[in-house]
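# A structural walkthrough
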Amino acid sequence: LAVIGAVHISQALAPMAGIAGYDMEIIDPRSGFATAERFPDVPLHAEWPETVLKERPFDAYTAVAALTHDPKIDDGPLKAALDAGRVDVGALGSRKTHAARVERLKAADATDEQIARIHAPIGIDIGAVSPQEIAVAIIAVGAGVVWVARKRAASVVESEPESATV
């Protein structure tokens, strides 16, 4: 789980992600936020996301959560995640904030199909208000992703023909 933004939601999300078995990294160029004191035992990158992604691009196993509300920080990694074909991409913000984000991403050549893959507002709609509640909503989406993967894997196993015995 690559989290863009060392924000209060990230602080609540980090222990939940660890308990759920996710490896989590935080990318935020604001060194006052991305500190070991705020995020013990979480890999931090106090650099611009574009710099980090040059050395560590998103892969097929990386979920992305953009949480800063700052287009200068969030938009680049969102576009990188969409270009990498990621399905589990989420971004914090209201519908109005997301509409502005959509326009910026379209200007950066993102397709409508790509943009439709962004879960925004991020997380399931549980009426979350606090950072902790928003973190629960984000983890709940992760639970759904795990559920779909397990169902898909089970259906593949069930559909395989029995091997012949010689």
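## Structural notes on the overall build of the chain
Helix and strand counts for the chain stand at six helices and six strands. Across the chain, helices and strands are ordered from the amino to the carboxyl terminus as β-α-β-β-α-β-α-β-α-α-β-α. Expressed as a percentage of its 166 residues, the buried residues of the chain come to 41%. In the structure as shown, the chain presents an accessible area of about 9700 Å², 57% of it carried by carbon and sulfur atoms.

## Considering a nonpolar patch on the surface
Residues Ile-124, Ile-126 and Val-136 make up a contiguous nonpolar surface patch of about 240 Å² in total accessible area. The topology assignment puts Val-136 in helix H6 (residues 131–159).

## Overview of the sheet that holds strand E5 (residues 89–91)
Strand order in the open sheet made by the six strands is E3-E2-E1-E4-E5-E6, with parallel pairing throughout. Where the open sheet ends on each side, the last strands, each with one partner, are strand E3 (44–45) and strand E6 (118–119). In this structure, strand E4 (residues 64–66) lies alongside E5, joined through three bridges in parallel fashion. Paired with Ala-66 across the bridge in E5 is Ala-91. Contacts between helix H3 (residues 71–83) and the sheet are confined to strand E1 (2–4), E4, E5 and E6, with E5 contributing the most and set at about 160° to the helix.

## Notes on the side chain of Arg-101
Inspection of the secondary structure puts Arg-101 in helix H4 (residues 95–107). With no salt bridge to any partner, buried Arg-101 finds its closest opposite charge in Asp-75, at an N-O distance of 4.6 Å. Those residues within four positions of Arg-101 in sequence are excluded, and the remaining contacts are Asp-75, Leu-78, Ala-91, Leu-92 and Ala-120.

## Re the nonpolar core
In terms of nonpolar packing, the biggest core is built from 23 residues, with Leu-1, Leu-13, Met-24 and Leu-67 touching the most fellow members. Of all the secondary structure elements, the ones that give two or more residues to this core are helix H1 (8–19) and H6. Of the residues forming this core, the biggest block, five residues, is contributed by H1. Contacts of Leu-1, omitting those with residues within four sequence positions, involve Leu-13, Ala-17, Asp-23, Met-24, Glu-25, Ala-63 and Ala-65. With 19 residues, the next largest nonpolar core counts Leu-53, Phe-58, Leu-82 and Val-102 among its residues.

## A few points about unusual backbone geometry
The omega angle of the peptide bond from Ala-120 to Pro-121 is -5°, so this bond is cis rather than trans. Considering the arrangement of structural elements, one finds Pro-121 in the loop between E6 and H6. For Asp-41, which is not glycine, the phi torsion reads 65° and is therefore positive. Its location among the elements puts Asp-41 in the loop between strand E2 (25–27) and E3. Accessibility expressed as a relative area gives 82% for Asp-41, which makes it exposed.

## Regarding H3
With 13 residues, H3 extends 17 Å between its outermost C-alpha atoms, agreeing within 8% with the 18 Å of an ideal straight helix rising 1.5 Å per residue. Listed as buried for H3 are Ile-73, Asp-74, Asp-75, Pro-77, Leu-78, Lys-79, Ala-81 and Leu-82. Near the N-terminus of H3, the side chain that reaches the backbone nitrogen of Lys-72, with its oxygen 2.9 Å away, is that of Asp-70. Downstream of H3 by a residue or two, Gly-85 has a phi angle that is positive, lying close to 85°.

Definitions and cut-offs
- Residues numbered from 1 in each chain as written.
- Predicted model: local features only at pLDDT ≥ 70, side-chain atom pairs only at ≥ 80, totals over all residues.
- Heavy atoms only, no water.
- Helix = DSSP H or I, 4+ residues; strand = E, 2+ residues; numbered from the N terminus.
- Buried < 20%, exposed > 50% of the residue type's maximum accessible area, 1.4 Å probe, protein only.
- Areas by Shrake-Rupley, 256 points an atom, 1.4 Å probe, with all protein chains shown as cover.
- Patch = residues over 30% accessible without salt bridge, like charges linked within 9 Å, V, L, I, M, F, W, Y side chains within 5 Å.
- Salt bridge = Lys/Arg side-chain N within 4 Å of Asp/Glu carboxyl O.
- Pairing = 2+ DSSP bridges.
- Contact = heavy atoms within 4.5 Å.
- Axes fitted to C-alpha atoms, helices over the stretch in contact; angles between N-to-C directions.
- Lys, Arg positive; Asp, Glu negative; His and termini not counted.
- Core = buried A, V, L, I, M, F, W, Y, C linked by side-chain atoms within 4.5 Å.
- Expected span 1.5 Å × (residues − 1).
- Polar contact = N/O pair within 3.5 Å; in protein donor to acceptor, adjacent residues only side chain to side chain.

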